[in-house]
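The primary structure of each chain is shown beneath.
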Amino acid sequence: MEKVYLCKATDLEANQVKKIENNKFGDIAVYNLGGQFYATADLCTHATASLAEGDIEDDMIVCPVHWGMFHIPSGEAQGFPCESDLQTYPVEVVGDEVFAVIDVNENIIAKA
Amino acid sequence: MSNIIKTLDATDCLEGIESVCDIESGRISGKIFYDQKIYEQELEKVFARCWLFVGHDSQIKKTGDYITTTMGEDEVIVIRQKSGGVKVLLNACPHRGNKVCFSESGSTRGFICNYHGWSFNVEGNLTGQHESGIYEDSNFDKSKWGLKEVAKVASYKGLIFATFDPESPSLEEYLGPMTWYLDALFDNQEGGTEFVGGCIRSTYECNWKIAAENFVGDILHAGWTHDSAARAMLGGAVSKVSDFEESYSVNWNGHGYEFALDTVGNVAVLGDSQLNKYLHTIKPSVAERLGDFRSNMIGSVSSCTIFPNFSFLAGQNTVRIWQPRGPNKIELFTWVVVNKSASQDIKDRWRKGAMMTFSPTGVFEMDDGENWEYCTKTAKGKVTAKQDLYIGLGMDSYLEDTDLPGNVYKGQLNEANSRAYYQRWQDLLQSKSWADVPNRNKGKAEVEK
């Protein structure tokens, strides 16, 4: 297990998403859904796109390129063109700091 | 980003084009309404060069709001930017050319091509594709392959115009003093205007010029062509235009506005007294804003065309584009314009009134369509097309001594604007560049304050 620092909780407003660069595990998207924080891989599983540039609609992230959707809490792909689920990471909030908890054994580096 | 459009190389002018109109003698030839070669030249030398009306600010209020229309036969998307500006983009994917937007209007994040999944954002920039890996392996530079942007976009009082030609004069210079007259409809109240309802679309088997020219300066037809329609709407005949004490035909760069100063002659044909009343109610404030003269034009017997194919009627408040679809076919896009500050009831009355009169089933529109289709179809006959058509009314009616801006002619029963319209058309077809287009304006370019 590795704890990866993402951002300060106060730096991410409600219903916003932010991309955190990470060379080891691949870039991470961190979300604030009404005060609850989530983290997923930032790269869309369909084509090259940073999900952090997409729009949040309820608890979905809409990819900015082909508008495919993933369920943020579960990473579940919602249908064509997004058919492979998105990697999600458990989140820990310690004080004002938001971390992703990444299982080093499971998470090989995402394709760049 | 290099999404700027490639412009056309000017082809040689069509042989014999100098003889199809002899404006000084007051004659044109029917050939100009039914000739494929002339039409091809028009797409290049008129529609790919002139400023064309593409929409109204009120149709695209927030970022990502768009409408689709055409500039000549070129399909375009008119879309509001984050910056507040407007872009006009070719509605064609730069991969295989497929159309990327199929709806008339909407609000969107961008456009995704159905063919290979190329995706474009509101700015028209290419943001990605399906199977993006293969593009990355091919060193594809996506910054070079966005939707192509037209050369220039500009607006006047909410009316958005665009041109494919980077060499065209500015919109301000192009419209010249016609803007002074446009204000009578488009800026007669604080807050300006908006389009109400949707776009009414129809087709006619007529040449685009015959329709545009009707609005540039032909009130002459109304008393005869529209007699029965007027009786249905008004319970009596159309105003006898020759009875008006004062009326004018004004033109500039081929644009033309013919008008009387009777305030409500046009609005009256909608058959709704509440609309007449509205214009009478706002008239004093219009006089304060624009002066007495133009306060008499807010719904008077009048019509206008901005060259080449944007027309409107103050009073009926119908605004339209005669979209060319070949030498003998047009697609007509019509909208209803109202003052933003008017009540919802007044806006609805105008929308309904315009539908009753100037829509595909409108009582006046049907009259016009029949005439225009046969003005076009007779020219299918080779011999008929060769014959002269008379366009010489009001030949000596130019007014030297007037304070009014533009080229001003006495009386609206006058073919001066029609002549100026066809002259401009012929000048453009005979000119390989804007520098070659003769300046035939002789009136005041600016309004004396």
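Counting starts from 1 at the beginning of each chain's written sequence and moves along it residue by residue. Here chains are named by letter from A upward and ligands by number from 1 upward, in the order in which they appear as written. Under the rules for a predicted model, residues below a pLDDT of 70 receive no local features and side-chain atom pairs below 80 are neither given nor counted, while totals for whole chains, interfaces and linings still include all residues. Only hydrogens and water are set aside; all other atoms, that is, all heavy atoms of the structure, feed into the side-chain values.

## Quick look at the overall build of chain A
A run of H or I in DSSP counts as a helix once it spans at least four residues, and a run of E counts as a strand once it spans at least two, with each numbered from the N terminus. When its secondary structure is counted, chain A shows 0 helices and 10 strands. Of the regular secondary structure in chain A, the N- to C-terminal order runs β-β-β-β-β-β-β-β-β-β. Based on C-alpha atoms, the radius of gyration is set beside the globule rule, defined as 2.2 Å times the residue count to the power 0.38. Taking 13 Å as the expected radius of gyration for a compact globule of 112 residues, we find that chain A reaches 13 Å, a close match to that expectation. Projecting the C-alpha coordinates of chain A onto the three principal axes gives extents of approximately 40 × 30 × 20 Å. Using a 1.4 Å probe on the protein chains alone, a residue whose accessible area is under 20% of its type maximum counts as buried, one over 50% counts as exposed, and one in between counts as partly exposed. Considering chain A as a whole, with its 112 residues, one finds that 46% of them fall into the buried category. Here, two residues are considered to be in contact whenever any of their heavy atoms come within 4.5 Å of each other. Taking the intrachain contacts of chain A between residues at least 6 apart in sequence as the baseline, contacts between residues at least 24 apart amount to 41%. Charged side chains in chain A number 6 positive and 19 negative. The centres of these two groups are separated by 9 Å. The charged-residue count follows a simple rule in which Lys and Arg add positive charge and Asp and Glu add negative charge, with His and chain termini not counted at all. Every charge is mapped onto a representative atom, which is NZ of Lys, CZ of Arg, CG of Asp or CD of Glu.

## Points about the sheet that holds strand β16 (residues 302-306) of chain B
All names here are of chain B. As summarised here, the arrangement of the 8 strands in space is β13-β19-β18-β17-β16-β15-β14-β21, forming an open sheet in which the pairing is antiparallel. The open sheet has two edge strands, β13 (193-204) and β21 (407-410), and neither has a second partner. Between one strand and the next, the sheet's axes are offset by a mean angle of 20°, whatever the strand orientation. In terms of strand pairing, strand β14 (residues 247-252) meets strand β15 (residues 255-260) through 6 bridges, oriented antiparallel. The partner of Asn251 across the bridge, within β15, is Gly256. Only the stretch in contact is used when a helix axis is fitted, and all axes are lines through C-alpha atoms; the angle between N-to-C directions ranges over 0 to 180 degrees. In the packing of helix α12 (residues 363-377) onto the sheet, contacts are made with β13, β18 (318-324) and β19 (330-339), and the angle to β13 comes to roughly 40°. Strands were regarded as paired on the criterion that DSSP finds at least two bridges between them.

## Description of the pattern of salt bridges
All names here are of chain B. Any carboxyl oxygen of Asp or Glu within 4 Å of a side-chain nitrogen of Lys or Arg constitutes a salt bridge here. Applying the stated criterion across every chain yields a total of 31 salt bridges over all chains. Between Glu104 and Arg201 there is a salt bridge, with the nearest N and O atoms lying 3.5 Å from each other. Within this pair, whereas Glu104 is found in the loop between β6 (86-90) and β7 (105-107), its partner Arg201 is found in strand β13, the two being separated by 97 residues in sequence. With a shortest N-O distance of 3.7 Å, Arg294 and Asp183 are connected by a salt bridge. Residue Arg294 is located in helix α10 (residues 292-295), and its partner Asp183 is located in helix α4 (residues 178-186); the two are separated by 111 residues in the primary sequence.

## What about the interface of chain B and chain A?
At the junction of the two partners, chain B supplies 13 residues and chain A supplies 10 residues. Once two parts are brought into contact, the accessible area they lose, counted with a 1.4 Å probe and summed over both, makes up the buried area. A combined buried area of about 930 Å² lies between chain B and chain A, and 51% of that area is made up of carbon and sulfur atoms. Of all residues in chain B, Arg109, Ile112 and His130 of chain B bury the most surface against chain A, accounting for 56% of the area lost on that side. A salt bridge links Arg109 of chain B to Glu57 of chain A, with the shortest nitrogen-to-oxygen separation between them at 2.7 Å. What qualifies as a polar contact is a pair of N or O atoms within 3.5 Å, subject to a donor-acceptor requirement within protein and to the restriction that residues adjacent in sequence count only when both atoms come from side chains. Joining chain B to chain A, the criterion identifies 8 residue pairs in polar contact (both at pLDDT 80 or more). Of all the elements in the fold, those that place two or more residues in the side of chain B that touches chain A are β8 (110-112), β10 (126-128) and α2 (132-137) of chain B. Of the residues belonging to the side of chain B that touches chain A, the class tally is 2 nonpolar, 9 polar and 2 charged. Under the convention adopted here, Pro, Cys and the residues Ala, Val, Leu, Ile, Met, Phe, Trp and Tyr are nonpolar, Asp, Glu, Lys and Arg are charged, and Gly plus all remaining residues are polar.

## Describing the domain arrangement of chain B
Residue and element names in this part refer to chain B. Segment limits for the domains were obtained from an automatic or database-derived domain assignment. By domain assignment, chain B separates into domain 1 (51-164) and domain 2 (176-436). Here the C-alpha centre of domain 2 lies 31 Å away from the C-alpha centre of domain 1. Taken together, the contact pairs 16 residues of domain 1 with 22 residues of domain 2. Between domain 1 and domain 2 the total buried area reaches about 1600 Å² when both faces are included, carbon and sulfur atoms providing 58% of it. Three residues stand out in domain 1 for area buried against domain 2, namely Phe53, Tyr156 and Lys157, and they jointly supply 30% of the buried area on that side.

## Let's talk about the side chain of Thr68 of chain B
In this fold, Thr68 of chain B is placed in strand β4 (residues 65-71). Not counting residues up to four positions away in its chain, the partners in contact with Thr68 of chain B are Val76, Ile77, Asn91, Cys101, Ser103, Glu104 and Arg201 of chain B.

## Considering helix α1 (residues 36-47) of chain B
All names here are of chain B. Looking only at α1, the buried set comprises Ile38, Tyr39, Gln41, Glu42, Glu44, Lys45, Val46 and Phe47. The secondary structure elements touched by the buried residues of α1 are β3 (52-56), α5 (208-217), β18 and α14 (416-429). The opening residue of α1 is Asp35, an N-cap whose side-chain oxygen sits 3.0 Å from the backbone nitrogen of Lys37.

## Focus on the environment of Leu428 of chain B
Mapped onto the elements, Leu428 of chain B comes out in helix α14. If near-sequence neighbours (up to four positions away) are discounted, Leu428 of chain B is found in contact with Lys45, Val46, Arg49, Cys50, Phe307, Trp434 and Val437 of chain B.

## Observations regarding the pairing of β3 of chain B
Residue and element names in this part refer to chain B. For β3, the tally of buried residues reaches 5 of 5 residues, placing the bulk of the element in the interior. Sheet topology note: the β3/strand β12 (residues 159-163) ladder contains 4 bridges and is antiparallel. The residue of β12 that forms the bridge with Leu52 is Ala162.

## Considerations on the environment of Thr203 of chain B
All names here are of chain B. Position of Thr203 relative to the elements: it lies in strand β13. Once the C-alpha coordinates of Thr203 and Phe333 are considered, the two residues, 130 residues apart in sequence, prove to be 8.9 Å apart. What Thr203 contacts, discounting residues up to four positions off in sequence, is Lys329, Ile330 and Glu331.

## Side note on the packing of aromatic side chains
All names here are of chain B. Centres within 6.5 Å are what make two rings of Phe, Tyr or Trp a pair, Trp counting through its six-membered ring; a difference in plane orientation under 30 degrees is then read as stacked, over 60 as edge-to-face, and the rest as tilted. Throughout the structure, instances matching the rule amount to 33 aromatic pairs over all chains. Here Trp180 and Tyr181 contribute two aromatic rings whose centre-to-centre distance is 5.0 Å and whose plane-to-plane angle is 85°, an arrangement assigned as edge-to-face. Considered together, Trp180 and Tyr181 belong to a single accessibility category, that of buried residues. Ring geometry for Tyr181 versus Phe259: centroids 5.7 Å apart, planes at 40°, classification tilted. Note that Tyr181 is positioned in helix α4 and Phe259 in strand β15, a separation of 78 residues in sequence.

## A look at the pairing of β19 of chain B
Residues and elements named next belong to chain B. Of all 10 residues making up β19, 9 are buried, and the element is well covered by its neighbours. The pairing of β13 with β19 spans 9 bridges and is classified as antiparallel. Following the sheet pairing, Thr203 is matched in β19 by Glu331. As defined by bridge partners, β18 adjoins β19 across 7 bridges and the pair is classed as antiparallel. When the sheet's bridge partners are listed, Ile321 is paired in β19 with Phe333. From the end of β18 to the start of β19, which pair antiparallel, there are 5 residues, and Gly326 there has a positive phi angle of about 105°.

## Points about a nonpolar patch on the surface
Residue and element names in this part refer to chain B. A surface patch of nonpolar side chains, about 380 Å² in accessible area, is lined by Leu220, Tyr390, Leu393 and Leu413. Looking at the secondary structure, you find Leu220 in the loop between α5 and α6 (222-225). Residue classification places Leu220 among the partly exposed residues on the basis of a relative accessible area of 45%. A residue counts toward a patch only above 30% relative accessible area and without a salt bridge, and it is joined to like-charged neighbours within 9 Å or, for Val, Leu, Ile, Met, Phe, Trp and Tyr, to nonpolar neighbours within 5 Å. All accessible-area figures derive from a Shrake-Rupley calculation using a 1.4 Å probe, and residue coverage is judged against the displayed protein chains alone.

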